[in-house]
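# Examining the three-dimensional arrangement
Now for the letters of each chain:
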Amino acid sequence: MSCLLPSTCLVEIRDELKPCVHGGRFFTSEDVGNLIRRLNTAISLAQEIEEEKLSLERRERLFTGRQPALVGPNVVAFPNNQPPNGGRA
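Structure report, in brief. Nothing here was measured: the structure is a model prediction, and the numbers come from that model.

### Brief notes about the side chain of D31
- Looking at the element boundaries, D31 is found in helix α2 (residues 29–64).
- Excluding anything up to four places from it in sequence, D31 contacts R25 and F26.

### Examining a nonpolar patch on the surface
- Taken together, the side chains of L4, L5 and I49 make up a nonpolar region of the molecular surface, amounting to roughly 320 Å² of accessible area.
- A relative accessible area of 72% means that L4 is categorised as exposed.

### Observations regarding the environment of F27
- Looking at where F27 falls in the secondary structure, it is placed in the loop between α1 (6–17) and α2.
- When the C-alpha positions of F27 and L17 are compared, they lie 9.4 Å apart, and in sequence the two are 10 residues distant.
- Residues within four places of F27 in sequence aside, it is in contact with E16, L17, C20 and V32.

### Brief notes about α2
- Across its 36 residues, α2 extends 52 Å between first and last C-alpha, which sits within 8% of the 52 Å expected from 1.5 Å per residue.
- Along α2, the residues that are buried comprise D31, L35, R38, A42 and L45.
- Next to the buried residues of α2 lie α1.

Cut-offs used in this document
Residues numbered from 1 in each chain as written. Predicted model: local features only at pLDDT ≥ 70, side-chain atom pairs only at ≥ 80, totals over all residues. Heavy atoms only, no water. Helix = DSSP H or I, 4+ residues; strand = E, 2+ residues; numbered from the N terminus. Contact = heavy atoms within 4.5 Å. Patch = residues over 30% accessible without salt bridge, like charges linked within 9 Å, V, L, I, M, F, W, Y side chains within 5 Å. Areas by Shrake-Rupley, 256 points an atom, 1.4 Å probe, with all protein chains shown as cover. Salt bridge = Lys/Arg side-chain N within 4 Å of Asp/Glu carboxyl O. Buried < 20%, exposed > 50% of the residue type's maximum accessible area, 1.4 Å probe, protein only. Expected span 1.5 Å × (residues − 1).

Next comes the structure, spelled out in structure tokens:
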């Protein structure tokens, strides 16, 4: 098993489970234990990636002072409510 990414681990697990769908294969308690260990590996990898992503986002916000966009690129969050030519609303 070459799990470098969670998706790789999960694809391998899925492919191993496929023969069980129509009763072509049955799991022993040892098989279930191995499956749980492999799922734990995939979970750990996913958690590491999520933590690294959050860390990079925090670092970027600290160094750039930017906050993640809360609205789309073509939406003005706080439009100018003043009428043209300085008139009153």
